[in-house]
Amino acid sequence: MSNIAKKVSWSSRGDDRGERTPLLNGAEDVKYTRKDIVRSRPNEIPHNEKLLSLKYESLDYDNSENQLFLEEERRMSQMSFSCLEITRWVICGLIGFLTGLIACFIDIAVEYLAGVKYFVVKQNIEKFTELGGLSISLILWAVLNSAFVMVGGIIVAFFEPIAAGSGIPQIKCYLNGVKIPRVVRLKTLVIKVCGVICSVAGGLAVGKEGPMIHSGAVVAAGVSQGRSTSLKKDFRMFEYFRRDTEKRDFVSAGAAAGVSAAFGAPVGGVLFSLEEGASFWNQMLTWRIFFASMISTFTLNFFLSIYHGKPGDLSSPGLINFGRFDSDTMEYNLYEIPLFIIMGALGGLLGALFNLLNYWLTIFRIRYIHRPCLQVMEAMLVAAVTATVSFAMIYFSNDCQPLGEDHTEEYPLQFFCADGEYNTMATAFFNTPERSVRSLFHNPPGSYNPQTLGLFTLVYFFLAVWTYGLTVSAGVFIPSLLIGAAWGRLFGILLSSITTSQSIWADPGKYALIGAAAQLGGIVRMTLSLTVIMVEATGNVTYGFPIMLVLITAKIVGDYFVEGLYDIHIKLQSVPFLHWEAPATSHWLTAREVMSSPVTCFNRVEKVGTIVDVLSNTSTNHNGFPVVVHTIEEDEPGKICGLILRSQIIVLLKHKVFVERASSRLSQRKLALKDFRDAYPRFPPIQSIHVSQDERECMMDLTEFMNPTPYTVPQETSLPRVFKLFRALGLRHLVVVDNENMVVGLVTRKDLARYHLGKHGLEELQLAQT
């Protein structure tokens, strides 16, 4: 074994500690290099975005082209590769079908539970409106909300915390190449589905779309492997796809299928997976993902049509039904374009405020509400407060509208309105968020007065800020759309009130649509995919250009103040996420200054005891090891001849692939790629593998199993060039060599992710253990 010691190792977990020094901020009198910077490593993360966690590992998106891999590829005929491609399409079809079934189950369960809850509360309110004692109705509403949310909070907080939230940040990280523990487990899927049903039925300001995207990704990760590691059941199917590269592509398809099922937007699902999720893409993958999205939407609509007693009626747009807009009444004029831009800017400002408030709240939660019991209690408190505020808003509202024969209100409340009228504030609060959005889009002019919309926007904005980040399964799409639809409709009403010709601004529904897009774009900062999702979900192509214009404006304005909501939560989890490009001012940094060193290397033929000792060393916990050939002088670094992964060595040790056993013919058979795929993805820890004292003296030949052509860069390569190579190829390790091809360092994801542009220029994040 060779230990190349030139600098302190930044990616190992050694005892070298010191004080962190920020990077150069453009000053000419000082120039920091890696040698001058010594960073401290606190034992616990104080939970802020200025740190980078060492607990996250990278996924291996680069295939290891060792001798076993090349021999298998050579044995495969053209027909075999064609069969593999057909199998990929079959898997994508299965992913879409199962995702659609899950979406159908969620929709039916939510509608049933919410329907029962609102029916019981409505009957109680109508009873006590006449008799007096409406406080009982308030208590009933709050108790029912808290009961649903308590169940959803308990199963998430105590059984699978990774199922909290929308899941989009976690899937985004996974597709970026970060291994998020337990994010695509079967248990996570079950908790996610049950949790989002309880959250929505519990009346929280949440949506179903984020959990649907996460659910689709989990389905894809499981189906594509042909087995369940959680259930310890192997169906002996799809074994070829048991590697990170293939699994990543299928997870992209699952995420897109989740979007498609949620909004009835297959094209939007593909673009969402491309824009928000996948870091790596190709043309064939686009078509397979589109196929999975189409199957998902078709499956959902087919089974929902059967459930609603209309077999064959596939007109439902998806899990979240916004209703179809009439193109004749939804026309716009060129002079409205500046108004739409103003609405986009307003959406960006409100989105930035939303993200900033939620950021502060999340920091508070991480520091003080970290126990599961406290997390459940907070979720129940939010549910009770939501019910109380909603009841108070409805109670004190005097906005009454006549109840026509064609009313769209599912649960109209009369309260103190005259007979034949209903309380319009109840239309917004006493309903599921999806139905409230639909009513704001499609109710005729005059259905809401400005005071109702203004109060609803203000109250629901802060409820949504408080709700997102609770330890429950919940999405932010629908609350954002609801907030935007409310102030957008208010914007349209105010326009008609300040002009003499009200016919110009006849339909406030179009301003509700524009406001919804602006608000959601200001929060999540999506552009192209959200435009297509909104167009597909509403069935109105006319507003494609205004929606795109609004979303771009909202993103530009919002980005000026703070990042998007998903990026904020990724940073708060200290995930080493790689963005599209390296920091703009990082060209002066080279691979020598960012690499990790010393590098633990192995010889082609290495002693088993040495290998076991290296893998057992908890202070380093390396996952990739360059294989070197030494020159005459042993003190010099070795020449690179390959790279081998910890997971590969674990399999070799498990099967006792030693030189002595091979020469004495004690080995029963030659190791094949199937042995590595069977161990994927939960490779056993080194502590579970018994190596006797005699076996420690044996030798292991790594030549056949190492990747003989790892990617390398000279030590003078600039950081942006290293970053581009690392990210574009989905690498986990990048070997740094000198002019004589000697190993001098190793670049990993954390070495690149720690550099970012801050308020004072280029800054370097602190690495910390958890």
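### Comments concerning the nonpolar core
If you look at the biggest cluster of nonpolar residues, it comprises 141 residues, and the most contacted ones within it are Ile394, Phe429 and Phe477. In terms of residue count, the dominant contributor to this core is helix H2 (residues 78-131) (15 residues). Aside from chain neighbours lying at most four places away, what touches Phe477 is Ile168, Glu209, Phe263, Phe272, Leu520, Met526 and Tyr566.

### A closer look at a nonpolar patch on the surface
A contiguous nonpolar surface patch, about 430 Å² in accessible area, is contributed by Met150, Val151, Ile154, Phe158 and Phe159. Secondary-structure assignment places Val151 in helix H3 (residues 134-159). For Val151, a relative accessible area of 41% gives the class partly exposed.

### With respect to the side chain of Ser436
You can see Ser436 is positioned in helix H13 (residues 433-442). Judged by its relative accessible area of 1%, Ser436 falls in the buried class. At a separation of 3.5 Å, a polar atom in the side chain of Ser436 contacts the main-chain carbonyl oxygen of Thr427.

### Thoughts on the environment of Asn739
For Asn739, the location among the structural elements is in the loop between strand E15 (734-737) and strand E16 (743-747). The exposed category is assigned to Asn739, whose relative accessible area is 81%. Along the primary structure Asn739 and Gln715 are separated by 24 residues, whereas in three dimensions their C-alpha atoms are 8.4 Å apart.

### Considerations on the packing of aromatic side chains
Applying the stated rule across the entire model yields 26 aromatic pairs. Here Phe263 and Phe477 contribute two aromatic rings whose centre-to-centre distance is 5.7 Å and whose plane-to-plane angle is 45 degrees, an arrangement assigned as tilted. Here Phe477 lies in helix H15 (residues 477-498) and Phe263 lies in helix H7 (residues 244-263), a separation of 214 residues in the sequence. In this structure, Phe263 and Phe477 share a single accessibility class: buried.

### Regarding the pairing of strand E18 (residues 761-764)
Here strand E17 (residues 755-758) pairs with E18 via four bridges, running antiparallel. Looking across to E18, one finds that Tyr755 is bridged to Glu764. What sits between E17 and E18 in their antiparallel hairpin is a turn of two residues.

### Re the pairing of E16
With five of five residues buried, E16 lies mostly within the body of the structure. What sits between E15 and E16 in their antiparallel hairpin is a turn of five residues, with Asn741 showing a positive phi close to 65 degrees.

### Observations regarding the sheet that holds strand E14 (residues 712-714)
Spatially, the three strands line up as an open sheet ordered E14-E15-E16, and their pairing is mixed. Edge strands, defined here as strands with exactly one partner in the open sheet, are E14 and E16. Direction aside, the axes of adjacent strands within the sheet are offset by 30 degrees on average. Strand direction decides the pairing type here: E15 and E16, joined by four bridges, are antiparallel.

### As for the environment of Pro266
Its location among the elements puts Pro266 in helix H8 (residues 266-277). Put simply, Pro266 and Phe298 are 32 residues apart on the chain and 9.9 Å apart in space, counted from C-alpha to C-alpha. What Pro266 contacts, discounting residues up to four positions off in sequence, is Ser260, Phe290, Ser293, Met294, Thr297 and Glu536.

### Brief notes about the confidence of the model for the protein chain
Residues of the protein chain with pLDDT of at least 70 account for 87%, and the chain-wide mean is 85. Here residues 2-45 is a poorly scored stretch, pLDDT under 50, and it has 134 contacts once near neighbours within four places are set aside; other chains count.

### Quick notes on helix H4 (residues 168-176)
Summarising burial for H4: nine of the nine residues are buried, a large majority. Within the span of H4, buried status applies to Ile168, Pro169, Gln170, Ile171, Lys172, Cys173, Tyr174, Leu175 and Asn176. Looking one or two residues beyond H4, the residue adopting positive phi is Gly177, at roughly 115 degrees.

### Re H13
A turn of α-helix holds 3.6 residues, and therefore any two residues three or four places apart point the same way. For H13, a buried count of eight out of ten residues is recorded, marking the element as mostly surrounded by other parts of the structure. Residues Pro433, Glu434, Arg435, Ser436, Val437, Ser439, Leu440 and Phe441 constitute the buried set of H13.

### Quick notes on the pattern of salt bridges
Tallying each qualifying case throughout the model produces 30 salt bridges. Arg288 is the partner of Glu85 in a salt bridge, and the nearest nitrogen-oxygen pair spans 2.9 Å. Of this pair, Glu85 sits in helix H2 while Arg288 is found in helix H9 (residues 283-307), placing the two residues 203 residues apart along the sequence. Glu85 gets classed as partly exposed once you look at its relative accessible area, which sits at 23%. We classify Arg288 as buried; its relative accessible area is 5%. As a salt-bridge pair, Lys172 and Asp567 come within 3.1 Å of each other at their nearest N and O atoms. Here Asp567 lies in helix H19 (residues 565-572) and Lys172 lies in helix H4, a separation of 395 residues in the sequence.

### Some points on unusual backbone geometry
Residue Pro598 is reached from Ser597 by a cis peptide bond, and omega for that bond is 5 degrees. Positionally, Pro598 belongs in the loop between helix H20 (591-594) and strand E9 (599-603). Going from Tyr680 to Pro681, the amide bond is cis rather than trans, its omega being 0 degrees. Considering the arrangement of structural elements, one finds Pro681 in the loop between helix H24 (673-679) and helix H25 (693-696). You will see that Lys232, though not glycine, has its phi angle at about 55 degrees, which is positive. Note on placement: Lys232 falls in the loop between strand E5 (227-228) and strand E6 (233-234).

Definitions and cut-offs
Residues numbered from 1 in each chain as written. Predicted model: local features only at pLDDT ≥ 70, side-chain atom pairs only at ≥ 80, totals over all residues. Heavy atoms only, no water. Core = buried A, V, L, I, M, F, W, Y, C linked by side-chain atoms within 4.5 Å. Buried < 20%, exposed > 50% of the residue type's maximum accessible area, 1.4 Å probe, protein only. Helix = DSSP H or I, 4+ residues; strand = E, 2+ residues; numbered from the N terminus. Contact = heavy atoms within 4.5 Å. Patch = residues over 30% accessible without salt bridge, like charges linked within 9 Å, V, L, I, M, F, W, Y side chains within 5 Å. Areas by Shrake-Rupley, 256 points an atom, 1.4 Å probe, with all protein chains shown as cover. Salt bridge = Lys/Arg side-chain N within 4 Å of Asp/Glu carboxyl O. Polar contact = N/O pair within 3.5 Å; in protein donor to acceptor, adjacent residues only side chain to side chain. Phe/Tyr/Trp six-rings, centres within 6.5 Å; stacked < 30°, edge-to-face > 60°. Pairing = 2+ DSSP bridges. Axes fitted to C-alpha atoms, helices over the stretch in contact; angles between N-to-C directions. pLDDT = per-residue confidence, 0-100.

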